[in-house]
Amino acid sequence: MTGDPVLRIHQADNSGIRIITSTGRRQLGYRPDGTSPGLNATISFCDTDNIAQPRAIIISNTGRPRLSKKRSDGSKIVCR
């Protein structure tokens, strides 16, 4: 919204980020009650220069997103 305070600005550098999503989850959507229909989703963000550790946003069916250094099953994030 116009007039809302800016909380953070991050200037991108020249490195690239690869984004990998869960198998079978082509889109994300939220219902009016805040739930996210379908399977849980994991969106992994990988630094193509291998400088930063991979991170994942894991979204549950209840609609809750969380940031993680591991996959939802506790295994290492694989950047392929």
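Residues numbered from 1 in each chain as written. Predicted model: local features only at pLDDT ≥ 70, side-chain atom pairs only at ≥ 80, totals over all residues. Heavy atoms only, no water.

**Concerning the confidence of the model for the protein**
Averaged over the protein, the pLDDT score is 82; the fraction of residues at 70 or greater is 90%. Here strand β1 (residues 17-21) is the element of the protein with the lowest mean pLDDT, 85, and strand β4 (residues 65-68) is the one with the highest, 92. (pLDDT = per-residue confidence, 0-100. Helix = DSSP H or I, 4+ residues; strand = E, 2+ residues; numbered from the N terminus.)

**Things to note about the side chain of Ser68**
Secondary-structure assignment places Ser68 in strand β4. Polar contacts involving the side chain of Ser68 include one to the main-chain carbonyl oxygen of Lys70, which spans 2.7 Å. Look past the residues within four positions of Ser68 in its chain and what remains in contact with it is Arg55, Ala56, Ile58 and Ile77. (Polar contact = N/O pair within 3.5 Å; in protein donor to acceptor, adjacent residues only side chain to side chain. Contact = heavy atoms within 4.5 Å.)

**Digging into the pairing of β4**
Looking at chain direction, strand β3 (residues 55-59) and β4 are connected through four bridges and run antiparallel. Across the sheet, the residue bridging to Ile57 is Leu67, located in β4. Here β3 hands over to β4 after five residues, with Gly63 in that stretch at a positive phi of 95°. (Pairing = 2+ DSSP bridges.)

**As for unusual backbone geometry**
Unlike most non-glycine residues, Asn50 shows phi in positive territory, near 55°. For Asn50, the position within the fold is in the loop between β2 (41-47) and β3. Relative accessible area serves as the criterion here: at 67%, Asn50 is assigned to the exposed category. (Buried < 20%, exposed > 50% of the residue type's maximum accessible area, 1.4 Å probe, protein only.)

**Observations concerning the sheet that holds β2**
Taken together, four strands build an open sheet; the order of strands is β1-β2-β3-β4 and the sheet is antiparallel. Of all the strands in the sheet, just β1 and β4 have a single pairing partner and so form its edges. Put simply, the sheet's adjacent strands are angled 20° from each other on average, direction ignored. (Axes fitted to C-alpha atoms, helices over the stretch in contact; angles between N-to-C directions.)

**Some details on the environment of Phe45**
Relative to the assigned elements, Phe45 resides in strand β2. Between the C-alpha atoms of Phe45 and Ser60, which are 15 residues apart in sequence, the distance is 17 Å. For Phe45, the contacting residues outside a window of four places in its chain are Ile17, Arg18, Ile19, Pro54, Arg55 and Ile57.

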